[in-house]
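Single-letter residue listing:
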Amino acid sequence: MNVLLTGCAGFIGWKTAELLIDQGHQVVGIDNLNDYYDVALKNWRLKQLTHLEGFQFERVDLDNRDELNALFAAHPLEAVINLGGRAGVRYSMENPHAYVETNAVGTLNILEAMRSHGIQKLVLASTSSLYAGQKMPFLESLPVNEPISPYAASKKFAEVMAYTYHHLYDFDISAVRFFTVYGPAGRPDMAPLRFVRWIDEGTPITLFGDGSQSRDFTYVDDIARGTIAALRPVGYEIINLGGGNNPISISKMIETFESRLGKKAVIDEQPFIKADMMHTWAEISKAKRLLDWEPQVSFEEGTQRLVDWYLAEKEWVSQLVL
Ligand SMILES: NC(=O)c1ccc[n+]([C@@H]2O[C@H](COP(=O)([O-])OP(=O)(O)OC[C@H]3O[C@@H](n4cnc5c(N)ncnc54)[C@H](O)[C@@H]3O)[C@@H](O)[C@H]2O)c1
């Protein structure tokens, strides 16, 4: 397949592009390389991709309709995986417009470009953040109409607008809701990578809340595999991609890194942030049924791989702005 992958210099986009190529697909990857976090990390990921046969990079902004239309006109595409976007719950309180522009309007721009060019398959990155306030484990059929952050609200827009295109124009949509993704070269605004570095350096860890909040962590390779599996025709489906068994507390995650690094964390506890969720836990039987997908990498294995990567790449990772 010829696939357009947005956000290819991002954490999940990079791994998904790599696996798509590995499976024999042709990938046009786009990214605007914005500086929400240190661009050196995005450039490093991109460098891992650019030498791969079947991969082409174009610097295109999802917010720019003209750029997108030119891109669609220039490439014979068959499907789109939309992983580009504004991630991060806390920054969405500071800059909500960016989230609406890229996650909401940017998704609409993609849908319209697809319509103009006769492409009907879209895999859309969504989020467990939509489940705030719901009973666990989180099931796709739960009503999620009360998003507690601009980030979650912008993702809700994308899901429902994609439904409209399914209804009106027979688009085939897989909206995959990811649950706290971690692994090598992960996002520096998320706890796993920054906590590993801070513990290693002896820098105090800024911890919002008392560490009892928990996440259904999912390893990035599993997420990439599930995202690609979601390219199959489904009609319109929302599908959880998450660890699916027992959420792990942030304190337990810190302990795991402490034992892997043989160092003790220094903790700077700050008040819990209202836009954050206390716990997440995915019900994943739908992913098993529709995509034959289950996570394969355990938290023990995944955290070991993250720490090994950090230690191998420490020379430049220690220079990243966190
Ligand atoms: N990482 C997680 O735990 C997680 C959980 C749930 C959902 N998600 C979603 O998955 C997707 C990928 O997340 P990620 O962790 O890889 O984030 P990321 O920030 O590493 O990747 C997103 C990429 O999109 C690019 N981008 C942003 N705005 C753009 C624009 N206007 N035009 C073109 N490119 C743009 C960024 O430069 C970045 O490289 C996002 O939609 C995110 O909301 C991630």
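Everything in this summary refers to the structure shown in the same document. Everything numeric in this text was worked out from a predicted model, so none of it was measured.

### Examining the environment of Leu311
Piece 1. In this structure, Leu311 sits in helix H11 (residues 299-317).
Piece 2. The partly exposed category is assigned to Leu311, around which 13 C-beta atoms lie within 10 Å.
Piece 3. Separated by 111 residues in the primary sequence, Leu311 and Asp200 place their C-alpha atoms 9.4 Å from one another.

### Side note on the pairing of strand E3 (residues 55-59)
Both faces of the sheet carry side chains from a regular strand, because those side chains alternate between them.
Piece 1. As defined by bridge partners, strand E2 (residues 26-31) adjoins E3 across five bridges and the pair is classed as parallel. Its bridge partner being in E3, Ile30 is matched across the sheet by Glu58.
Piece 2. You can see the chain leave E2, run along helix H2 (residues 39-50) and come back into E3, and the turn it takes is right-handed.

### Remarks on the environment of Arg194
Piece 1. By secondary structure assignment, the location of Arg194 is in helix H7 (residues 191-201).
Piece 2. Sequence spacing of Arg194 and Leu68 is 126 residues, and the spatial spacing of their C-alpha atoms is 34 Å.
Piece 3. Every residue in contact with Arg194, bar those within four places of it in the chain, is listed here: Pro188 and Leu322.

### Remarks on the packing of helix H1 (residues 11-22) against H2
Packed helix pairs are characterised by how far apart their axes lie and by the angle those axes make with each other.
Piece 1. Axis separation between H1 and H2 bottoms out at 10 Å; the angle between their running directions is 5 degrees. If you check the angle between H1 and H2, you find them roughly parallel. Side by side, H1 and H2 meet where Trp14, Ala17 and Glu18 of the first sit next to Arg45, Gln48 and Leu49 of the second.
Piece 2. Among the residues forming the contact of H1 with H2, the class breakdown is three nonpolar, one polar and two charged.

Basis of the calculations
- Residues numbered from 1 in each chain as written.
- Predicted model: local features only at pLDDT ≥ 70, side-chain atom pairs only at ≥ 80, totals over all residues.
- Helix = DSSP H or I, 4+ residues; strand = E, 2+ residues; numbered from the N terminus.
- Buried ≥ 20, exposed ≤ 12 C-beta atoms within 10 Å, placed from the backbone.
- Pairing = 2+ DSSP bridges.
- Right-handed = clockwise from strand over helix to strand, strands pointing away.
- Contact = placed C-beta atoms within 7 Å.
- Axes fitted to C-alpha atoms, helices over the stretch in contact; angles between N-to-C directions.
- Parallel < 35°, antiparallel > 145°, perpendicular 65-115°, else oblique.
- Nonpolar A, V, L, I, M, F, W, Y, C, P; charged D, E, K, R; others polar.

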